[in-house]
Amino acid sequence: MNSRMSFPRGVAAVAILVGTSQLAPAQTITKASASVNEQRAQPLILEKNDGELRTRRVHTDKSSVPASQFLLKVSPKNNGSQHLVAGTEELLPNARISKHKHLIQDEILLIQSGMAHVWLGDTESDVHAGAMVFIPADTWISMKNTGTEPVNLVFIFSAPGFEETMRCNSVPAGEKPTPLTPEQRKECAHLGHAVSASEQE
């Protein structure tokens, strides 16, 4: 699983520009900004820690280990992109991405470091640095860091939307994360055209 991977040219370029996400103190994009109403996406060249840094909110039902942070790098609000959303995230040991599915967007996860267990549709597998996970729309996904070091990953969405769920589930870095109830998680999921597994129970 640690062998070199070849990606389509566009994906490789995004992965190279985005980099990994060992997160630094709160930082917002300073190299380019765009209003949501702009028609053209603005070009970006971002260093590893450039982007919209956010901290995930704590689940009141303790369904997830809190504490991860993520960087939104490309989105309608970050640079006017109307076709792609991309960013990076660090999952600490035992942290997980809760089970959910995207109703509209495909997603690609590029694992940059660490080891995780992935549940994808009807399959599950351990993944390591260099792995890629392709998540078609309407497919259940969850992931847990099962190793002893952080999992750094790049996420790329085929269309905007889910970044609004991510913003709803988090606060800007530097702010104290507010509690997030199951009802609020459901509302946040719907903002980004997603469904959480808790809604199906």
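Residues numbered from 1 in each chain as written. Predicted model: local features only at pLDDT ≥ 70, side-chain atom pairs only at ≥ 80, totals over all residues. Heavy atoms only, no water.

Q: What is the right way to read the nonpolar core from this model?
A: In a soluble, globular protein the nonpolar side chains are often hidden away together inside. Ranked by size, the top nonpolar core spans 25 residues in total, and within it Met143, Leu153 and Phe155 carry the most contacts. Sorting the residues of this core by element identifies strand 2 (69–74), strand 3 (85–91), strand 5 (107–113), strand 6 (115–120), strand 8 (132–135), strand 9 (141–145), strand 10 (151–157) and helix 3 (162–168) as the ones contributing at least two each. With 4 residues, the single largest contributor to this core is strand 10. Formed by 8 residues, the second largest nonpolar core is a distinct cluster that contains Ala86, Leu110, Val154 and Ile156. (Core = buried A, V, L, I, M, F, W, Y, C linked by side-chain atoms within 4.5 Å. Buried < 20%, exposed > 50% of the residue type's maximum accessible area, 1.4 Å probe, protein only. Helix = DSSP H or I, 4+ residues; strand = E, 2+ residues; numbered from the N terminus.)

Q: What is the right way to look at the state of the cysteines in this model?
A: One way to say it: the disulfide is the covalent bond shared by the sulfur atoms of two cysteines. The full count for this structure, using the stated rule, is 1 disulfide. Between the sulfur atoms of Cys168 and its disulfide partner Cys188 the distance amounts to 1.9 Å. Residues Cys168 and Cys188 share a disulfide whose torsion about the S-S bond is about -60°; that sign makes it left-handed. One end of the pair, Cys168, is in helix 3; the other, Cys188, is in helix 4 (residues 182–191), with 20 residues separating them in the sequence. Given a relative accessible area of 24%, Cys168 falls into the partly exposed group. (Disulfide = S-S within 2.5 Å.)

Q: Where do I start with the environment of Asp50 in this structure?
A: By the secondary structure assignment, Asp50 is in the loop between helix 1 (9–18) and strand 1 (52–56). For the pair Asp50 and Lys73, spaced 23 residues apart in sequence, the C-alpha to C-alpha distance is 7.3 Å. Polar contacts involving the side chain of Asp50 include one to the main-chain amide nitrogen of Glu47, which spans 2.9 Å. (Polar contact = N/O pair within 3.5 Å; in protein donor to acceptor, adjacent residues only side chain to side chain.)

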